[in-house]
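Here is what each chain is made of, one letter per residue.
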There are 2 protein chains.
Amino acid sequence: MTREELFNEIKRKKSFLCVGLDSDPKKIPSFLKKFDDPVFEFNKRIIDATKRFCVAYKPNIAFYEAQGTKGWESLQKTLDYIPKNIFTISDAKRGDIGNTSNLYARAFFESMNFDSVTVAPYMGNDSVTPFLQYDEKWVILLALTSNIGGLDFQTEKLENGDYLFERVLKKSLEWGNEDNLMYVVGATRADLLTRIRKIVPNSFLLIPGVGAQGGSLEDVAEFGMNDTCGLLVNSSRGIIFASSGEDFADQAKVESEKIQQKMEALLRSKNLI
Amino acid sequence: MTREELFNEIKRKKSFLCVGLDSDPKKIPSFLKKFDDPVFEFNKRIIDATKRFCVAYKPNIAFYEAQGTKGWESLQKTLDYIPKNIFTISDAKRGDIGNTSNLYARAFFESMNFDSVTVAPYMGNDSVTPFLQYDEKWVILLALTSNIGGLDFQTEKLENGDYLFERVLKKSLEWGNEDNLMYVVGATRADLLTRIRKIVPNSFLLIPGVGAQGGSLEDVAEFGMNDTCGLLVNSSRGIIFASSGEDFADQAKVESEKIQQKMEALLRSKNLI
């Protein structure tokens with residue numbers, strides 16, 4: 001999917017919501033256990049309930065990998081079930097030397113046909129660039145994460161005055177551009193969004209920390225939105241586990257629509273729709 | 001496996017060799033293709049040929065994951081085939097927020113029963129500590145990697161004069177110690193081993209860059225060895241793909257024995273055996 005196509009979907013759906021398919025088998029409503037593949041049955045119902053209100057789905061690969069081969073099957077079926085006009089993110093946080101990143105790229109972009117994959121920057125250039133060799137595929141590079149440990153290294157000040165995450169952003173522009181690179185930016189750090197937008201004004205940011213993790217959607221839009229929206233805001237548990245009962249899909253619909261409506265207002269206030 | 005047990009194996013085998021099972025299906029001798037699981041058949045023969053000369057095996061997970069469910073089966077069978085007195089490293093370079101790292105820890109330490117897993121530090125504390133909650137299991141934290149991109153961020157100087165990789169080492173000592181933490185250190189940076197040993201004098205270092213990647217075993221021993229050896233030196237392609245013919249296992253034996261003999265001399269020169 002191209003950046004233009006993604007922005008068109010955002011305008012059409014009046015939403016920049018990404019639904020995180022962190023479908024922990026332990027949290028799935030028990031009535032689904034009777035099916036051969038409860039995780040897929042859960043995802044299918046979540047997708048049916050939320051697809052009108054979101055422009056992206058992001059399965060966190062750990063939840064599938066932890067189930068062994070069965071998990072990979074659930075993941076593939078889920079991916080095949082997602083409508084083609086919705087952007088897909090393999091939240092895998094991979095990053096290894098060149099040869100190996102090549103293999104991961106093949107796994108996620110060829111075998112599984114995801115639109116994008118999250119990548120950790122610590123190993124630098126040759127761990128990231130193999131993912132950038134595919135047309136209309138994306139790297140979403142970890143820049144400033146929303147977890148507490150994100151402050152251990154990412155906000156270290158370097159000799160030249162940059163934060164480490166700023167160095168990561170700047171360096172990444174030697175490898176790619178706003179048409180094949182996005183960045184993970186924790187919404188709880190809205191004060192730092194301004195610094196980020198100075199370096200990557202046109203790029204999409206994937207914001208994982210709104211909702212259960214406590215960031216403010218309004219702050220994110222205020223400091224992060226650009227003229228092609230430039231934001232994908234993720235919510236996982238707040239939507240997919242809004243209810244643990246048989247009405248989980250209905251509640252997921254309610255919650256995703258609620259967020260979509262807030263997003264519509266924000267897009268309007270920025271004259272993007 | 002405890003640190004003492006690992007050192008005992010090193011003394012018994014007079015070796016600190018780790019064999020990297022980067023068993024790319026495209027490079028496996030063609031006569032193995034007739035088997036149901038060529039990757040496992042390849043690994044089995046490599047293990048039979050090299051197990052006398054090494055103390056650790058390190059499958060790089062990418063090579064298995066890229067094969068989908070079949071790859072995970074090959075990996076599990078390989079792991080089950082490795083003798084219990086040999087240390088096993090899941091070279092997965094994972095690292096995600098706490099909940100998710102918990103799942104990865106469960107996958108690699110419970111479902112698959114690896115002794116250790118490589119972890120990327122960028123997301124900090126809560127991405128690493130879930131792996132440290134298991135007795136006799138290890139985190140091998142990326143510190144200074146041997147690939148060219150390793151210089152993009154890891155050797156950035158911080159405001160206080162530390163390199164970023166030194167900050168990673170120091171910070172990690174708040175989370176664990178030499179009995180549950182090792183570090184990946186690129187052998188091509190032998191000049192920096194001295195700095196590393198000042199911070200983690202007693203810890204084991206996993207050195208991936210000797211052999212095909214060009215580091216010197218003598219330098220590594222000179223600057224990195226401590227009084228429990230403290231080194232696991234990996235060789236992958238130089239051993240497992242020493243020959244692409246039917247004699248691949250024999251050649252793997254020859255190459256691993258060659259390295260073991262050099263290691264024996266180095267252990268003697270340090271009076272460790």
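Quick note: structure is the one above.
If you're wondering where the values come from, they're calculated on a predicted model, not measured in any experiment. (Residues numbered from 1 in each chain as written. Chains lettered and ligands numbered in written order. Predicted model: local features only at pLDDT ≥ 70, side-chain atom pairs only at ≥ 80, totals over all residues.)

Colleague: Would you mind going over the packing of helix H9 (residues 190–199) of chain A against helix H10 (residues 217–224) of chain A in detail, with residue names and values included?
Modeller: All names here are of chain A. Between H9 and H10, whose axes approach to 8 Å, the crossing angle comes to 20°. Relative to H10, the element H9 lies roughly parallel. H9 and H10 meet at a crossing whose hand is right-handed. Mapping the contact onto sequence places Ala-190, Leu-193, Thr-194 and Arg-197 in H9 and Asp-219, Val-220, Phe-223 and Gly-224 in H10. (Axes fitted to C-alpha atoms, helices over the stretch in contact; angles between N-to-C directions. Helix = DSSP H or I, 4+ residues; strand = E, 2+ residues; numbered from the N terminus. Parallel < 35°, antiparallel > 145°, perpendicular 65-115°, else oblique. Left-handed = near helix turned anticlockwise from the far one by under 90°. Contact = placed C-beta atoms within 7 Å.)

Colleague: Requested: an account of the environment of Asn99(A), with residues and values cited.
Modeller: Residue and element names in this part refer to chain A. Within the secondary structure, Asn-99 sits in helix H5 (residues 98–111). The exposure class assigned to Asn-99 is partly exposed, which follows from the 17 C-beta atoms found within 10 Å. Put simply, Asn-99 and Gln-154 are 55 residues apart on the chain and 26 Å apart in space, counted from C-alpha to C-alpha. (Buried ≥ 20, exposed ≤ 12 C-beta atoms within 10 Å, placed from the backbone.)

Colleague: Residues and numbers for the relation of the copies chain B and chain A, please.
Modeller: Rotating chain B by 180° and translating it 0.0 Å along the rotation axis places it on chain A, where the RMSD comes to 0.0 Å. Each copy turns onto its partner about a two-fold axis. Comparing interface residues between copies, 100% of those in chain B also lie at the interface in chain A; the contact surface is shared. (Least-squares fit on C-alpha atoms with pLDDT ≥ 70 in both.)

Colleague: Outline the sheet that holds strand S5 (residues 138–144) of chain A, listing residues and values.
Modeller: Residue and element names in this part refer to chain A. In spatial order, the strands read S1-S2-S3-S4-S5-S6-S7-S8; together these eight strands close into a barrel with parallel pairing. Each strand of the sheet is rotated relative to its neighbour by a mean of 30°, with strand direction disregarded. The pairing of strand S4 (residues 116–119) with S5 spans four bridges and is classified as parallel. Considered in S5, the bridge of Ser-116 is made with Trp-138. Helix H8 (residues 164–172) rests against S5 and strand S6 (181–185) of the sheet, and its axis sits at about 155° to S5. (Pairing = 2+ DSSP bridges.)

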